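Spelled out, the chains give:
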Amino acid sequence: LAVGLILVGCCPGGTASNLVVYLAGADVALSVCMTLCSTLLAVGMTPGLMKLLAGAIVAVDAGALLASMLQITVLPLVLGVLLRRLLPNLAAFVRPVLPLLSTFGVVLVCAAALAGSAPLLSASASGLLVACVAALHFVGFGLGYLVARLAGVGEAAARAVAVEVGMQNSGM
C-alpha cells in the first residue's frame, strides 16, 4: 500500500488535469506548462523519488513517456492552435462541444485503465486503500492551492496549481 501511494504521488500530472483546469475557469496555459514540465522531469524524478522514499527502483520507459506526452498533450495543443489560426470559423463552431468530448475521452481512458486493473484492484480494495488515495489527492489539492496563494499567485493560477498538484497521471 505504501509503495503504491508513493508511486502515485511521484507521477506527473496528466491531460485530465488540463481539462479540469479548463472546466474550473483556471489558468489553462499554466496547467499545460506544468503538465509538460512534470512529465519531462518524471523520467528521472520518479525512479529517484521511489528509491529515496520507498527504497525500490521503478523503471520508467523514457521513450514511451515522451511519445505519450507528445500524443496526449502536445499534439492536441498544436492542432488547437492551428485550427484557431487557420480555420477560425470552424474553431468557433466546435469550441462549445469540445469540453464535453474531452470529458468523454477522459472517462473512456479512465474506464479502460480501471478495467485493465480490475482484478488487482478488487484483490486489494479496502477502506484503508480508498481513504489513503483520497487523502493523497485532497491534501495535494489543498496544499497546492494554499502554497500558491501564500506565494502571492492569483486565484486562477492558484486553482491551476491546486489541480496539477492534486491530480496525478496514475495510469502511468
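Computed from a predicted structure; not experimentally measured. (Residues numbered from 1 in each chain as written. Predicted model: local features only at pLDDT ≥ 70, side-chain atom pairs only at ≥ 80, totals over all residues. Heavy atoms only, no water.)

Caption draft 1: A look at the layout of surface pockets. Estimated volume of the second largest pocket: approximately 270 Å³. Lining the second largest pocket are 14 residues, with Cys11, Pro12, Gly13, Ser38 and Glu164 positioned closest to its centre. Taken together, the elements giving at least two residues each to the lining of the second largest pocket come down to α1 (2-10), α3 (28-54) and α9 (155-166). Ranked by residue count, the leading element in the lining of the second largest pocket is α3, at 6 residues. (1 Å grid on protein atoms, 1.4 Å probe; cavity = no way out; pocket = protein on both sides within 12 Å on 5 of 7 lines; lining within 4 Å. Points joined across faces, edges and corners; volume = space filled by probe spheres on them. Helix = DSSP H or I, 4+ residues; strand = E, 2+ residues; numbered from the N terminus.)

Caption draft 2: Inspection of α3 at higher detail. Given a rise of 1.5 Å per residue, 27 residues ought to cover 39 Å, yet the end C-alpha atoms of α3 are separated by just 33 Å, more than 12% below that figure. Considering bend angle alone, the principal kink of α3 is centred on alanine 42 and spans about 60 degrees. All buried positions along α3 are accounted for by Ser31, Val32, Thr35, Thr39, Ala42, Thr46, Pro47 and Met50. Here α3 starts with a cap whose side-chain oxygen sits 3.3 Å from the backbone nitrogen of alanine 29, and that cap is aspartate 27. Downstream of α3 by one or two residues, glycine 55 has phi in the positive range, about 70 degrees. (Expected span 1.5 Å × (residues − 1). Bend = angle between axes of the 7 residues up to and from the residue. Buried < 20%, exposed > 50% of the residue type's maximum accessible area, 1.4 Å probe, protein only. Polar contact = N/O pair within 3.5 Å; in protein donor to acceptor, adjacent residues only side chain to side chain.)

Caption draft 3: Region of the structure containing the side chain of serine 31. Secondary-structure assignment places serine 31 in helix α3. Here serine 31 falls in the buried class, since its relative accessible area comes to 0%. Excluding its chain neighbours within four sequence positions, the residues that come into contact with serine 31 are Ser17, Asn18, Val21 and Glu164. (Contact = heavy atoms within 4.5 Å.)

Caption draft 4: Focus on the packing of helix α2 (residues 15-23) against α3. Where α2 contacts α3, the axes come no closer than 9 Å and their chain directions differ by 170 degrees. If you check the angle between α2 and α3, you find them roughly antiparallel. The way α2 lies across α3 gives a crossing that is right-handed. Two secondary-structure elements touch here, α2 through Ser17, Asn18, Val21 and Tyr22 and α3 through Val28, Ser31, Val32 and Thr35. Per-class residue counts for the contact of α2 with α3 are 4 nonpolar, 4 polar and no charged. (Axes fitted to C-alpha atoms, helices over the stretch in contact; angles between N-to-C directions. Parallel < 35°, antiparallel > 145°, perpendicular 65-115°, else oblique. Left-handed = near helix turned anticlockwise from the far one by under 90°. Nonpolar A, V, L, I, M, F, W, Y, C, P; charged D, E, K, R; others polar.)

Caption draft 5: Quick look at the pattern of salt bridges. The full count for this structure, using the stated rule, is 2 salt bridges. A salt bridge links arginine 149 to glutamate 155, with the shortest nitrogen-to-oxygen separation between them at 3.9 Å. On the accessibility criterion, arginine 149 (36% relative accessible area) is partly exposed. In this structure, arginine 159 engages glutamate 155 in a salt bridge whose closest nitrogen and oxygen atoms are separated by 3.9 Å. With arginine 159 and glutamate 155 both in helix α9 and 4 residues apart, this pair spans about one turn of that helix. Overall, glutamate 155 belongs to the partly exposed group, its relative accessible area being 36%. Linked through salt bridges whose partners overlap, the residues forming this network are Arg149, Glu155 and Arg159. (Salt bridge = Lys/Arg side-chain N within 4 Å of Asp/Glu carboxyl O.)

Functional significance is not addressed by these values, which are geometric in nature.
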